[in-house]
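Residue strings, one per chain:
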Amino acid sequence: MAIDKEISADQDPGRRSGSTSPIEFRLDAASGVPTYLQLVHQVEHALRLGYLKPGDQLPKVRDAVASLAINPNTVLKAYRELENKGLAAGRPGQGTFIQATLSQVALPELTTLHRSLLGWLATADAAGLDEDGIVALFTSALRDFRERRSGTEGVA
Amino acid sequence: MNVIEASGLGKRYGSTWALRECTLAVPPGHVAALVGPNGAGKSTLLNLAVGLAAPTTGAVTVLGGLPPGSPAALDGVAFVAQDTPLYKNLSAADLLHLTRNLNRRFDQRYAQSRLGELGIPEKRKAGQLSGGQQAQLALTLALARRPQLLVLDEPMAMLDPLARHDFMATVMTAMADDGVSVVLSSHVLTELERVADYLVLLSQGRVQVAGQVDDLLASHRMLTGPAAGADTYADRPVVHVRRGEAQAHLLVRATADDPVPPGWEAHPVSLEELTLAYLREPGASALPGPVRGRPAPRESGQPSEVTR
């Protein structure tokens, strides 16, 4: 299922020429996450990573529908959700545009953090942890971090 | 304006009822999936709605009250029957010509540009096209009539995954561009799960479930807990029970806000789980929303099946 989408996104520039959005949606049929939520998550993810910034256009409903073969109502629902969250706004006759940003950190700092994380991963690998072990350790550390932070701030 | 509205609709072939007591209202602007096992009456219902068969009992109308087969209904409804029938000896161009002359409205430019995009040579005979191309050609003929309602009977049964994706992309693009409403049938729910936002579940000739997919999913929960406690749930609207030695799964009509009893876990259900549960419980039904002709929707369900 994913094959044709990958091709249309990466190897077929002709099909992208009509779209002015910096991102292209994909779907994971096996995830169990409702389709509209997958689209919402992908926009949020792209915002966090800096692929999308305020003023950028989201894929036109027609383009998303044509490339994913999904119901236009699903795309509209996802865009409504993004509007309700204050992340995007519709402009009549033009499309839906990003209005706010989710990335708390500027792109260069993101690169530095990414690099130091890769260094940590190499250390974990050298210590004999496999991927599942790394994820479990990271999740547990994140939980500790979150608990400690909410404890010091007095916020539940 | 409902795109299809049926009230007490029934169809008998000889001594066999293919469809009975069908009361149903499909609102516009949706992709409505008509789902059910083989022989549930899906094709019968669609044939009645497009005027290819006459009802034995009751009545059906399309596009806000038009009788099927009337000139106005014929203009507004396009139908692609099972196995996408085409005149196999006619070329694509001849089929366009024929359809243009048999209909009051036909968008020749749309049809030709679609064939171009699909890479279907206009001189090629329909019978020499691939299965996917034949399906796309039949769909193009239907969409070029610029219908308000597109009815598809088992449209993707013969198609490979790529052709299926492309076929559905064409239908969904027409919906995005022109706001055409779509009703399509299938016995394979999974292929519709991504496109359908309205579900009509037919079983043994009757409508068992009808409603917007979001509403149906939001109003059902799967409860998992001790098998011994499953019976205490008898007062709640339980659709289906699956019970092992120690553990039981109950599909109940409940929302995420409803309290969960201690010792039980509540999970959201998928469309497939919900459909299978209802198909296993022919006595249960979920007919929410305003259904003209039957103001009080039937709502029942008894835990009956016990699996070990």
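These numbers were taken from a predicted model, which means no experiment stands behind them.

The rules behind these values
Residues numbered from 1 in each chain as written. Chains lettered and ligands numbered in written order. Predicted model: local features only at pLDDT ≥ 70, side-chain atom pairs only at ≥ 80, totals over all residues. Helix = DSSP H or I, 4+ residues; strand = E, 2+ residues; numbered from the N terminus. Contact = placed C-beta atoms within 7 Å. Buried ≥ 20, exposed ≤ 12 C-beta atoms within 10 Å, placed from the backbone. Arc of directions from axis to C-beta. Nonpolar A, V, L, I, M, F, W, Y, C, P; charged D, E, K, R; others polar. Pairing = 2+ DSSP bridges. Axes fitted to C-alpha atoms, helices over the stretch in contact; angles between N-to-C directions.

### Details of the overall build of chain B
Phase 1 of the analysis: In terms of regular secondary structure, chain B is built from eight helices and 15 strands.
Phase 2 of the analysis: Principal-axis analysis of the C-alpha atoms places the extent of chain B at approximately 70 × 40 × 35 Å.
Phase 3 of the analysis: Across chain B, contacts joining residues at least 24 apart in sequence account for 69% of those joining residues at least 6 apart.

### Quick word on helix H4 (residues 108–118) of chain B
Helical geometry: 3.6 residues make up each α-helical turn, so side chains three or four residues apart lie on a common side.
Residues and elements named next belong to chain B.
Phase 1 of the analysis: Among all positions in H4, only Ala111, Arg114 and Leu115 are buried. Axial view of H4: buried residues confined to an arc of 100 degrees, hence all on one face. Projecting away from the buried face of H4 at angles above 90 degrees are the exposed residues Arg109, Gly116 and Glu117.
Phase 2 of the analysis: Looking at the buried side of H4, the elements it contacts are helix H3 (92–102) and helix H5 (131–143).
Phase 3 of the analysis: Two residues or fewer past H4, Gly119 is found with a positive phi of approximately 70 degrees.

### Some points on the interface of chain A and chain B
Phase 1 of the analysis: Contacts between chain A and chain B engage 13 residues on the former and 15 residues on the latter.
Phase 2 of the analysis: If you list the elements that add at least two residues to the side of chain A that touches chain B, you get helix H4 (61–68) and helix H5 (72–84) of chain A.
Phase 3 of the analysis: No other element matches the four residues that H4 of chain A contributes to the side of chain A that touches chain B.
Phase 4 of the analysis: Considering only residue class, the side of chain A that touches chain B consists of seven nonpolar, four polar and two charged.

### Concerning the sheet that holds strand S13 (residues 265–268) of chain B
All names here are of chain B.
Phase 1 of the analysis: Overall, antiparallel pairing links the four strands, which are arranged S11-S12-S10-S13 in an open sheet. Of all the strands in the sheet, just strand S11 (238–243) and S13 have a single pairing partner and so form its edges. Strand-to-strand, the axes of this sheet are offset by a mean angle of 20 degrees, without reference to chain direction.
Phase 2 of the analysis: As defined by bridge partners, strand S10 (residues 220–226) adjoins S13 across four bridges and the pair is classed as antiparallel. The partner of Leu223 across the bridge, within S13, is Ala266.
Phase 3 of the analysis: Each of S10, S11 and strand S12 (247–253) touches helix H8 (residues 271–280); the most contacted strand, S11, lies at about 90 degrees to it.

Note that every value here comes from positions in space, so none of it alone points to a role or purpose.
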